Number of protein chains: 2
Amino acid sequence: MKELLYLKDDQLKDLIEKIFVGYRETFSDSKKILDKYSIGLAHQKVIHLLSMYEGISISKLLAKLKVTKQSLNRVLKDLIKLETIVFKKDEIDTRIKHVYLNEKGKKIFEEIFLLQKKRIYNALLDSSSEEVINFDKVLKKIING
Amino acid sequence: MKELLYLKDDQLKDLIEKIFVGYRETFSDSKKILDKYSIGLAHQKVIHLLSMYEGISISKLLAKLKVTKQSLNRVLKDLIKLETIVFKKDEIDTRIKHVYLNEKGKKIFEEIFLLQKKRIYNALLDSSSEEVINFDKVLKKIING
DNA sequence: TATAATATGTCAATATAACTTACCTATAAT
DNA sequence: ATTATAGGTAAGTTATATTGACATATTATA
């Protein structure tokens, strides 16, 4: 057991609180835009992933979100009603559905993202490239358990 | 506008996804313990803060959690029923209530924390002290907007 | 070809955590 | 005396998720 300060319980508690607050703040900046379209955090996350992974399949979306089919389906139905997403069947395996943002969906994502990214952008702008790289590195290690 | 790679939209999107996943994973490791005591994520967060800030007042808890009184009250009632917390009136201003974990509360927190901290601990153990310091630094900047 | 596995959809019921609006008491500060 | 602060509560609602069960279409495999 190393005796490093940052491996002590108090520091770990502090980091855990920061991870929570960081997440909460990062996903609350765009609330006004979500309200404008009568959607919520769950929809924002899906739109975000659709923007990152164009044509992602339903099962891969599920794996990334770690929610149930039923839960995702509600969100997708809302997004269809809002006319923001389209589906395309896989040409080889027609069981697979690929999901895409259409033009309206992309526009709404950009509105959300414009607000959401500000916080991160400013934090990174105010940091050295090494700080940023290390932030990313440690976060990745946390994720990969 | 700097032309740094990590300030590009794709990288910002990637970081935002990581912040979400990092949070979700960090707060899901202890689910089994929560189930054991029939409590949820909201209770875990309160217990966590009570462990960090012994004797914190209700209003300061509310400010840290950013939820409504009604929402916090439900959680506190559950924790009272579970016999994990106690209150002490402020000796000077008796309107203020200080909240503490009792022995049982502290024991349950340790059970939760033991599982939860593993992920963070291992990530930090696998990192240099500079990486950890930079992680903390950037996270703080994200929080402070 | 029959069977199993995969990808997706859906119904019903329930749980968790939060919200809004409104009103209340007690105490402290001005 | 009035206002502000700290906290509590009631009723109704919303957002997001769950479990369990069942259905369909398609692909892979024995």
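Definitions and limits used
Residues numbered from 1 in each chain as written. Chains lettered and ligands numbered in written order. Predicted model: local features only at pLDDT ≥ 70, side-chain atom pairs only at ≥ 80, totals over all residues. Heavy atoms only, no water. Helix = DSSP H or I, 4+ residues; strand = E, 2+ residues; numbered from the N terminus. Rg over C-alpha atoms; globule rule 2.2 N^0.38 Å. Buried < 20%, exposed > 50% of the residue type's maximum accessible area, 1.4 Å probe, protein only. Contact = heavy atoms within 4.5 Å. Areas by Shrake-Rupley, 256 points an atom, 1.4 Å probe, with all protein chains shown as cover. Pairing = 2+ DSSP bridges. Near = heavy atom within 4 Å. Polar contact = N/O pair within 3.5 Å; in protein donor to acceptor, adjacent residues only side chain to side chain. Nonpolar A, V, L, I, M, F, W, Y, C, P; charged D, E, K, R; others polar. Buried area = accessible area lost by both parts, 1.4 Å probe. Salt bridge = Lys/Arg side-chain N within 4 Å of Asp/Glu carboxyl O.

(A) Structural view of the overall build of chain A. Secondary structure assignment for chain A yields seven helices and three strands. Each helix and strand of chain A, ordered N terminal to C terminal, gives the series α-α-α-β-α-α-β-β-α-α. Against the globule reference of 15 Å for 145 residues, chain A gives a C-alpha radius of gyration of 18 Å, more extended than a compact globule. For chain A, the spread of C-alpha atoms along the three principal axes comes to 55 × 35 × 30 Å. Across the 145 residues in chain A, those meeting the buried criterion constitute 49%. Taking the intrachain contacts of chain A between residues at least 6 apart in sequence as the baseline, contacts between residues at least 24 apart amount to 50%. Of the roughly 7800 Å² that chain A leaves accessible, carbon and sulfur atoms contribute 55%.

(B) Focus on the pairing of strand 3 (residues 97-101) of chain B. Residue and element names in this part refer to chain B. Where strand 1 (residues 56-57) and strand 3 come together, two bridges link them in antiparallel fashion. Pairing of Ile56 across the sheet is with Val99, part of strand 3. As defined by bridge partners, strand 2 (residues 85-89) adjoins strand 3 across five bridges and the pair is classed as antiparallel. Bridge assignment links Lys89 to a residue of strand 3, and that residue is Lys97.

(C) Highlighting the protein's contact with DNA strand D. Around DNA strand D sit 24 residues in total, of which Leu41 and Gln70 of chain A together with Ser59, Lys69 and Lys97 of chain B are the nearest. Separating a sugar or linking oxygen of DNA strand D from a side-chain N or O atom of Ser71 of chain A is a distance of 3.3 Å. Between DNA strand D and Lys69 of chain B there is a distance of 2.6 Å, counted from a base oxygen to a side-chain nitrogen or oxygen. Of all the elements in the fold, those that place two or more residues in the surface near DNA strand D are helix 3 (41-52) and helix 5 (69-81) of chain A together with helix 4 (58-65) and helix 5 (69-81) of chain B. The element best represented in the surface near DNA strand D is helix 5 of chain B, accounting for four residues. Partitioned by chemical class, the residues of the surface near DNA strand D number six nonpolar, ten polar and eight charged.

(D) Structural detail: the interface of chain B and chain A. On the side of chain A, 58 residues touch chain B, which itself brings 58 residues to the contact. Regarding the contact of chain B and chain A, the summed buried area is about 6300 Å², with carbon and sulfur atoms giving 70% of it. On inspection of chain B and its partner chain A, the count reaches eleven salt bridges. The salt bridge involving Lys117 of chain A is made with Asp9 of chain B; its shortest N-O contact spans 2.9 Å. Across the chain B-chain A interface, the total number found is 26 residue pairs in polar contact (both at pLDDT 80 or more). Those elements that place two or more of their residues in the side of chain B that touches chain A are helix 1 (9-26), helix 3 (41-52), helix 4, helix 6 (103-125) and helix 7 (129-143) of chain B. Per-class residue counts for the side of chain B that touches chain A are 28 nonpolar, ten polar and 20 charged.

Read these as geometric descriptors, not functional statements.
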